[in-house]
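Coordinates in review
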Amino acid sequence: HAKRIAAPSQVTPPLGPSNSATQREPGQVLTPIGLVSESAVRRLQAFGKEADRRQLPRIDVGGLIVPGLSLSENSGSGYQRGQDVTAGREGQFPWRESSRRANAQGHEGSQPSTPLPSETPHAIRHGLTQANLDVAGLVKYFPASHVTAQREGLVYLSMQVQLFEELPLGARLLLEVPLAERTRLSRPSVLPTPVPDVRAWAVWEGGPSHGRVVRSHHQNPEGAICACMPHEWLLGVHPLRDYAAFCVLWTAKLLHEQWFGRYPGQQHYHAFARVQRDRQDEYCGCGGMNSYAACCRESDRREATLTHWRNAKLASAQYLRELAAQRRPILSPEDVAELAA
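No experiment lies behind these values; they were computed from the predicted model shown.

Along its length, the protein chain carries nine helices and eight strands. Long-range contacts, defined here as pairs at least 24 residues apart, represent 61% of the contacts in the protein chain between residues at least 6 apart. For the protein chain, the computed accessible surface area is about 16,600 Å², with 50% contributed by carbon and sulfur atoms.

Attention shifts here to the environment of serine 291. Assignment of secondary structure puts serine 291 in the loop between α6 (271–277) and α7 (297–302). Serine 291 sits in the partly exposed class, given a relative accessible area of 25%. Sequence separation between serine 291 and glutamine 266 is 25 residues; the distance between their C-alpha atoms is 9.8 Å. Apart from the residues within four sequence positions on either side, serine 291 is in contact with Gln280, Asp281, Glu282, Tyr283 and Cys284.

Positive phi, normally seen in glycine, also occurs at arginine 54, with a value near 60 degrees. In this fold, arginine 54 is placed in the loop between α1 (38–52) and β3 (57–60). The backbone phi angle of glutamate 152 is positive, close to 45 degrees, even though this residue is not glycine. Along the chain, glutamate 152 turns up in the loop between β5 (146–151) and β6 (154–161). Owing to a relative accessible area of 74%, glutamate 152 belongs among the exposed residues under this scheme.

Turning next to the environment of glycine 63. Assignment of secondary structure puts glycine 63 in the loop between β3 and β4 (64–68). On the basis of relative accessible area, glycine 63 is assigned to the buried category, the value being 0%.

Moving on to the pattern of salt bridges. Enumeration over the complete set of coordinates arrives at 14 salt bridges. A salt bridge links arginine 172 to glutamate 205; the shortest N-O distance between them is 3.3 Å. With arginine 172 in strand β7 (residues 170–178) and glutamate 205 in strand β8 (residues 199–205), this residue pair connects regions lying 33 residues apart in the sequence. Take arginine 172: its relative accessible area is 7%, and that puts it in the buried class. The class of glutamate 205 is partly exposed, set by a relative accessible area of 25%. Residues glutamate 176 and arginine 328 are paired through a salt bridge, measuring 2.9 Å at the closest nitrogen-oxygen approach.

Moving on: the pairing of β6. Extensive coverage of β6 is indicated by the burial of eight of its eight residues. Burial along β6 is two-sided: the face carrying Leu154, Tyr156, Ser158 and Gln160 and the face carrying Val155, Leu157, Met159 and Val161 are both buried. Where β5 lies against β6, five bridges are found, and the strand directions are antiparallel. Counterpart to alanine 149 in the pairing with β6 is tyrosine 156.

Attention shifts here to helix α8 (residues 305–325). The terminal C-alpha atoms of α8 lie 30 Å apart, and with 21 residues this matches the ideal 30 Å at 1.5 Å per residue to within 8%. Residues of α8 that are buried make contact with β8, α6 and α7. Arginine 327 sits one or two positions beyond α8 and adopts a positive phi of about 55 degrees.

Before going further, it helps to spend a moment on the sheet that holds β5. Taken together, the four strands give an open sheet; going across it, the order is β5-β6-β7-β8, and neighbouring strands pair in antiparallel fashion. For this open sheet the edge positions go to β5 and β8, each flanked by a neighbour on one side alone. Within the sheet, the average angular offset between the axes of one strand and its neighbour, ignoring direction, is 20 degrees.

Now for the packing of α1 against helix α5 (residues 240–260). Packing of α1 against α5 brings their axes to within 10 Å, and their N-to-C directions diverge by 115 degrees. On the basis of the axis angle, α1 is roughly perpendicular to α5. In the crossing of α1 with α5, the sense of the turn from one axis to the other is left-handed. Mapping the contact onto sequence places Val41, Leu44, Gln45, Phe47, Gly48 and Ala51 in α1 and Leu249, Ala252, Lys253, Leu255, His256, Trp259 and Phe260 in α5.

Reading the values: the criteria
Residues numbered from 1 in each chain as written. Predicted model: local features only at pLDDT ≥ 70, side-chain atom pairs only at ≥ 80, totals over all residues. Heavy atoms only, no water. Helix = DSSP H or I, 4+ residues; strand = E, 2+ residues; numbered from the N terminus. Contact = heavy atoms within 4.5 Å. Areas by Shrake-Rupley, 256 points an atom, 1.4 Å probe, with all protein chains shown as cover. Buried < 20%, exposed > 50% of the residue type's maximum accessible area, 1.4 Å probe, protein only. Salt bridge = Lys/Arg side-chain N within 4 Å of Asp/Glu carboxyl O. Pairing = 2+ DSSP bridges. Expected span 1.5 Å × (residues − 1). Axes fitted to C-alpha atoms, helices over the stretch in contact; angles between N-to-C directions. Parallel < 35°, antiparallel > 145°, perpendicular 65-115°, else oblique. Left-handed = near helix turned anticlockwise from the far one by under 90°.

That is the geometry; function is a separate question.
Now the structure itself:
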């Protein structure tokens, strides 16, 4: 497991070029990606604590995660705690648009091949508009979003995300958006983990893993991100930028796990993976807000491992059958990296 960054001496040096020639300056900490500012490390730690409290951070232009809202800071615009997010178009994330960041967000050296929405081919633009996805809102907060491919009623969108201020590590998201109405994708799913309306993947940008697809225990059988529970985001009901925000948080939580050895926040994943991971101090994968040690660990271990494995394989096979029924492809890591570029 990754070692916790409680002090510089506890950090395992990153793989790759040695930092021996790099002089550590005051206020820097040695991390798995090299020397970064203490403030960046503290921000990642604070994000984990917010996730444990089920507190949503603000999302700024470019997918930048900034400190979360307190109850007293909630305003009349955007997300309101307690609102029924499935009932309207407002979404559930408190978005913050900083004019400084909006003006500075240029993504130097990377010009989008097909910017959204104004220069998108008419058929794609019309399809995305008909799907009620608020593409303009997506581009407002992810200005480098662009179409990378279209195939058989599916549009692939790529976008860069920064994650945290002063952290020289980000990601590129790839979203697969169906142009068909949600009711035409397939019959209503009865699977424990149905195929998400929009599938997504993430690729690291910066650091030793640059260009590699991000992997987590929170992913679907074909490798797509398991970003949220099915009812938390619905195609044509919630804006697409909110789904991108779920993917940003998914990536940031995995980064927290890699650096500090603990995945923060509420979790939902199957018993076979819970037994394999045996993360006793994390929230239980059953979705409860108790630690795994105080929740399902004992009952998981009483059940035969073969039973857990069989149940996981059955759920995976059902998922892949539904994916095939929707005529959606299985993308290899190479496909994901190419489409996200």
